[in-house]
Amino acid sequence: MSPMPQRSAKIAVPSNLYTAILAVAFGAVLATAAFVAIQCYSQYGTIFGMP
Amino acid sequence: MSTLTKVLIVLLTVFSIFLCGIVVTYVANATNQKERADKLDRDWRAARTAREAAQNDLAAAKDQADQMRRDIEAQMSGLKVTISDLEAKLASVQRENTQMAQRVRDMGASVQQANELQSSQMQLAQVAQQQVAALEADRTRLSKELAETDHALMEKMAIVAQLEEKTRQLIEANQDLEMRLSQYLRQYGKAAATPAPVTQRTGLVQPAAPVARDINLNARVTAVDIRNALAELSIGSAAGVRPDMRFHVTRDQQFVCDVRILEVGPDQSVGILERIQVPPRIGDAAATNL
């Protein structure tokens with residue numbers, strides 16, 4: 001008879017999950033910045049300057 | 001990794017996603033300010049152009065209004081002149097009206113006089129018609145008398161025509177007799193006198209005119225041809241000498257001979273010598289009546 005693993009050990013979340021969450025957040029911010037840049041360029045013809 | 005860090009990572013992610021959603025929503029729904037500004041600029045330019053056009057129209061309308069005002073003022077001045085003329089004409093027409101009213105009154109009086117005159121003329125016309133009727137009767141009677149007179153006149157004219165024919169025949173016979181008588185008397189130095197009517201107009205008894213009268217022509221012998229018994233006298237047809245006239249040639253109260261005219265020239269005549277007592281000579285006197 002094989003011994004059962006001990007359930008008493010605490011479940012640990014791998015740190016890659018938080019990295020993915022951070023990547024999602026970064027992707028959202030990046031997408032938002034790109035969208036804003038595209039809108040500015042399409043509407044005003046420039047991204048940072050005054051039309 | 002600590003728990004606090006994990007919590008901060010999760011919160012950061014959540015708030016990032018939330019903020020990004022708000023930003024995307026805002027940017028997606030934001031108004032295109034450039035397009036709006038362009039539209040406003042175009043509207044502003046159009047409004048300015050419209051304002052300038054309106055100002056020009058206003059100036060033109062003012063000019064037109066001024067021109068119309070000047071025209072109206074000119075028309076008013078002309079109308080004032082016309083009104084003054086019309087007032088003058090009205091005054092003259094009123095004067096004429098007054099004069100015409102006076103004339104009408106005068107004409108009324110004249111018409112009344114004319115009516116009276118017409119009544120008198122009617123009476124005179126009736127009298128004249130009666131006279132015309134009487135004159136018509138007289139005219140009818142005179143017409144009948146005139147017709148009778150015309151008839152009698154036609155008869156008299158027929159008689160006069162017959163008498164004229166007889167008179168013409170008698171004149172022709174008289175002329176023939178006068179010609180024969182003149183030819184007969186010419187050789188005795190006389191000519192037929194103009195016959196005078198036996199019946200004179202005065203009605204007094206007049207002696208009849210002599211049948212013959214003396215010719216009383218005097219001439220000179222201008223040439224003598226004893227051998228042919230011819231002599232030439234100094235007068236001719238211009239003095240009234242005619243063939244067969246007889247001239248008595250005398251010399252100092254002495255009878256020489258007679259000359260009976262054979263040929264007659266304008267201012268000389270030639271005749272044959274008859275009853276020669278002594279030979280005639282040039283210069284002897286010759287006369288138709290002794």
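Quick caveat, the model's predicted, so the values are computed rather than measured. (Residues numbered from 1 in each chain as written. Chains lettered and ligands numbered in written order. Predicted model: local features only at pLDDT ≥ 70, side-chain atom pairs only at ≥ 80, totals over all residues. Heavy atoms only, no water.)

1. Looking at the overall build of chain B
Then comes step 1: Helix and strand counts for chain B come out as two helices and eight strands.
Then comes step 2: A compact globule built from 290 residues would reach a C-alpha radius of gyration of about 19 Å, whereas chain B, at 73 Å, exceeds it by more than 25%.
Then comes step 3: A principal-axis box enclosing the C-alpha atoms of chain B has dimensions of 230 × 75 × 40 Å.
Then comes step 4: Per-residue burial over chain B gives 14% buried out of 290 residues.
Then comes step 5: Taking all contacts inside chain B whose residues are at least 6 apart in sequence as the whole, residues at least 24 apart take part in 53%. (Helix = DSSP H or I, 4+ residues; strand = E, 2+ residues; numbered from the N terminus. Rg over C-alpha atoms; globule rule 2.2 N^0.38 Å. Buried < 20%, exposed > 50% of the residue type's maximum accessible area, 1.4 Å probe, protein only. Contact = heavy atoms within 4.5 Å.)

2. Some points on the interface of chain B and chain A
Then comes step 1: With 17 residues of chain B at the interface, the matching set in chain A holds 15 residues.
Then comes step 2: Roughly 1400 Å² is buried in total at the junction of chain B and chain A, and carbon and sulfur atoms are behind 77% of that figure.
Then comes step 3: Counting across the interface, chain B meets chain A through zero salt bridges.
Then comes step 4: Remark: the boundary between chain B and chain A carries two residue pairs in polar contact (both at pLDDT 80 or more).
Then comes step 5: Looking at the side of chain B that touches chain A, the elements with two or more residues in it are helix H1 (3–29) and helix H2 (33–186) of chain B.
Then comes step 6: The dominant element in the side of chain B that touches chain A, judged by the number of residues it contributes, is H1 of chain B, at twelve residues.
Then comes step 7: Taken together, the residues of the side of chain B that touches chain A break down into ten nonpolar, five polar and two charged. (Buried area = accessible area lost by both parts, 1.4 Å probe. Salt bridge = Lys/Arg side-chain N within 4 Å of Asp/Glu carboxyl O. Polar contact = N/O pair within 3.5 Å; in protein donor to acceptor, adjacent residues only side chain to side chain. Nonpolar A, V, L, I, M, F, W, Y, C, P; charged D, E, K, R; others polar.)

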